[in-house]
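# Remarks on the overall topology
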Amino acid sequence: MAPSVIIIGASGTVGRPLVQEFLKNKTRFGRIAVLADPTKVSRFTDVQSQGVEVVVGSFLEANSYKGFDTVISLTGNTAMKLQPGMIDAAIAGGVRHFYPSELGTDSYVAIGKRRYFRDKIATREHLRDRAHEVPGFAYTLLMTGAFTEFVPSPFNNVDIENHTAVSYGVPDALISVTALPDIVRYVVESVLLPLEQDKSCRELRVAGETLTWATLIETLGEVQGVKYHVTYLDPREAAEKEETARVAGNTDAEMLWAGKMLFSTGVAHLAGPLDNARFSFTPENAKETLQRLIGKK
Ligand SMILES: NC(=O)c1ccc[n+]([C@@H]2O[C@H](COP(=O)([O-])OP(=O)(O)OC[C@H]3O[C@@H](n4cnc5c(N)ncnc54)[C@H](OP(=O)(O)O)[C@@H]3O)[C@@H](O)[C@H]2O)c1
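Residues numbered from 1 in each chain as written. Predicted model: local features only at pLDDT ≥ 70, side-chain atom pairs only at ≥ 80, totals over all residues. Heavy atoms only, no water.

The protein goes by NmrA-like domain-containing protein in an unreviewed UniProt entry, where it is assigned to Mycena albidolilacea.

This is the structure in structure tokens:
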């Protein structure tokens, strides 16, 4: 039977293009819906007119999920810790397949419960426990590495006007990158890939390209027709600032400093075998994406 999908966080960076990708594939799904907080319904008027259902309700109540078999959560950092409650409500509402808000790396368990990933790890643990208890319940962890779009950004101290980067890490740190238009295609196609009968956790790893941070910045320079000046700093400095922010109770600053250690330390490298071949398209490599975004015409 064609899957019926409801999306949490459909108004965000990933949510908006993902809804459009689902619309392109509308005939392959039973129902496509976004879950909307009652105070924020108006932001979905446009997609509703294009054929997306808008379910108005709480993310933490079973009723919101009735009639859907698959939930895709795209909650952002601040709401990430609410996902266990969403999962419980979704299961109670009859959902049997949950995508937690991931779309990143698979190596963070190995590097400890760093702040940036703390709530994602707790969500994974909750999913594992619930899948043990609920027969027929499964979940998908879809990992894409870093978004290529986030490379040329102040998030990583990359300045595309002055052609400088100040990176907490090392030049040869590996990073896997995938472009957002490809990420949403992976999400939609993955829902249509059959789940294995006896497995409750499905892990999918996909990437546009894996390269070193230094090569990635060189590539950025190439598409802009310039050479970047890169300064490397010890990631421990950023970790100390993260800790200072944590002690001061400044969560935004804590996340900001945690984020600065993601791209040039190897954390965003997808080391395992990739599942790209299970999908119908070839993703953009880093150069193609950067060219599309900021290349010299
Ligand atoms: N690997 C990478 O480089 C990378 C880059 C970006 C994102 N990501 C990942 O992609 C996923 C989605 O991120 P994003 O950038 O699309 O996030 P985002 O732009 O911050 O959007 C988050 C969405 O969650 C909604 N939300 C906020 N509070 C909520 C609540 N209490 N309950 C339910 N929903 C709530 C937001 O709605 P409102 O607008 O109403 O607040 C918004 O629609 C995350 O897992 C993120 O880590 C990965």
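## A short note on the overall build of the protein
This is how it is decided: Comment: elements are numbered from the N terminus, with helices defined as DSSP H or I runs of at least four residues and strands as E runs of at least two. Here the radius of gyration uses the C-alpha set of atoms, whereas the globule reference equals 2.2 Å times the residue count to the power 0.38. Between buried and exposed lies partly exposed: a residue is buried under 20% and exposed over 50% of the maximum accessible area for its type, with that area taken using a 1.4 Å probe on protein chains only. For this analysis, residues touch if any pair of their heavy atoms sits within 4.5 Å. Only the protein chains shown count as cover for residues, and the accessible areas themselves come from Shrake-Rupley with a 1.4 Å probe.
Along the backbone of the protein there are nine helices and 13 strands. Taking 2.2 N^0.38 as the reference for a compact globule, 297 residues should give roughly 19 Å; the C-alpha atoms of the protein span a radius of gyration of 19 Å, in line with that estimate. Viewed in the frame of its principal axes, the protein has a C-alpha envelope of about 55 × 45 × 40 Å. Expressed as a percentage of the 297 residues in the protein, the buried residues total 52%. The contacts in the protein between residues at least 6 apart in sequence include a share of 78% that link residues at least 24 apart. Carbon and sulfur atoms make up 53% of the accessible area of the protein, which totals about 13,600 Å².

## Quick notes on the site of the ligand
To keep things clear, this is the line we draw: For this description, a residue counts as near a given molecule or strand if any of its non-hydrogen atoms is within 4 Å of it. Counted as a polar contact is a pair of N or O atoms within 3.5 Å, where, for protein atoms, one must be capable of donating a hydrogen and the other of accepting one, and residues adjacent in sequence contribute only when both atoms are in side chains. Gly is put with the polar residues, along with every residue not named as nonpolar or charged; the nonpolar set is Ala, Val, Leu, Ile, Met, Phe, Trp, Tyr, Cys and Pro, and the charged set is Asp, Glu, Lys and Arg.
Around the ligand sit 27 residues in total, of which Ser11, Lys40, Arg43, Ser101 and Lys120 are the nearest. In this structure, a nitrogen atom belonging to the ligand sits 3.0 Å away from a main-chain N or O atom of Leu103. In the environment of the ligand, a nitrogen atom lies 3.0 Å from a nitrogen or oxygen atom belonging to the backbone of Gly145. Residue composition of the shell around the ligand, by class: 14 nonpolar, nine polar and four charged.

## Comments concerning the packing of aromatic side chains
Two numbers describe a pair of aromatic rings. These are the distance of the centres and the angle of the planes. Quick reminder of the rule: Put simply, two rings from Phe, Tyr or Trp (the six-membered ring, in Trp's case) pair if the centres are within 6.5 Å, and we call them stacked under 30 degrees between planes, edge-to-face over 60, tilted for the rest. For a lysine, the NZ atom is tested; for an arginine, the CZ atom; a charge sits over a ring if that atom is within 6 Å of the ring centre and within 35 degrees of the ring normal.
With the rule as written, the count across this model stands at eight aromatic pairs. Centre to centre, the rings of Tyr168 and Trp257 are 5.9 Å apart; their planes meet at 85°, and the pair counts as edge-to-face. With a gap of 89 residues between them, Tyr168 in strand S9 (residues 164-168) and Trp257 in helix H8 (residues 251-259) connect regions that are remote in the sequence. On the numbers, 4.8 Å between centres and 90° between planes, the contact of Tyr186 with Phe279 is edge-to-face. Of this pair, Tyr186 sits in helix H5 (residues 180-192) while Phe279 sits in the loop between H8 and helix H9 (286-294); the two residues are 93 residues apart in sequence, bridging distant segments of the chain. Taken together, the ring pairs connect Phe147, Phe150, Phe155, Trp213 and Phe263 into an aromatic cluster. Just above the ring of Phe68 sits the side chain of Arg31; from NZ or CZ to the centre is 4.2 Å. The ring of Phe281 is capped by Arg185, whose NZ or CZ atom sits 4.1 Å from the centre of that ring.

## Quick notes on the pattern of salt bridges
Selection criterion: Here, a salt bridge means any side-chain nitrogen of Lys or Arg that lies within 4 Å of a carboxyl oxygen of Asp or Glu.
Tallying each qualifying case throughout the model produces 13 salt bridges. A salt bridge links Arg246 to Glu243; the nearest nitrogen and oxygen atoms lie 2.8 Å apart. One end of the pair is Arg246 and the other is Glu243, both in helix H7 (residues 235-247) and three residues apart, which spans about a single turn. Accessibility expressed as a relative area gives 37% for Glu243, which makes it partly exposed. Of the charged contacts in the structure, one is a salt bridge between Arg292 and Glu284, with a shortest N-O distance of 2.8 Å.

## Quick word on the sheet that holds strand S8 (residues 158-159)
Definition in use: Strands are labelled as partners when DSSP assigns at least two bridges between them.
Pairing within the open sheet is mixed, and its three strands lie in the order S8-S9-S13. Two strands lie at the open edges of the sheet, namely S8 and strand S13 (229-233), each paired on one side alone. Note: S8 against S9, two bridges, orientation antiparallel. The partner of Asp159 across the bridge, within S9, is Thr164.

## Observations regarding unusual backbone geometry
One can expect most non-glycine residues to show negative phi and most peptide bonds to be in trans. Within the chain, Asn157 stands out as a residue other than glycine whose phi angle is a positive 60°. Locating Asn157 in the fold gives a position in the loop between strand S7 (146-147) and S8. Located in the positive-phi region is His163, a residue other than glycine, with phi close to 60°. Note that His163 resides in the loop between S8 and S9.

## As for the packing of helix H3 (residues 83-92) against helix H4 (residues 118-133)
Angle between the axes and distance between the axes: these two values describe a pair of packed helices. For clarity, the cut-off: Interaxial angle, 0 to 180 degrees, is taken between N-to-C directions of lines fitted to C-alpha atoms, where a helix line uses only the stretch in contact. Note on angle classes: values under 35 degrees are labelled roughly parallel, values over 145 roughly antiparallel, values of 65 to 115 roughly perpendicular, and the remainder oblique. Each crossing is labelled by how the near helix is turned from the far one, with a counterclockwise turn of less than a right angle marking it left-handed and a clockwise turn marking it right-handed.
Packing of H3 against H4 brings their axes to within 9 Å, and their N-to-C directions diverge by 25°. Classified by the interaxial angle, the pair formed by H3 and H4 is roughly parallel. Pair H3 / H4 crosses with right-handed handedness. Between H3, through Gln83, Pro84, Ile87, Asp88 and Ile91, and H4, the contact on the second element is made entirely by Thr123, His126, Leu127 and Arg130. Tallied by class, residues from the contact of H3 with H4 come to four nonpolar, three polar and two charged.

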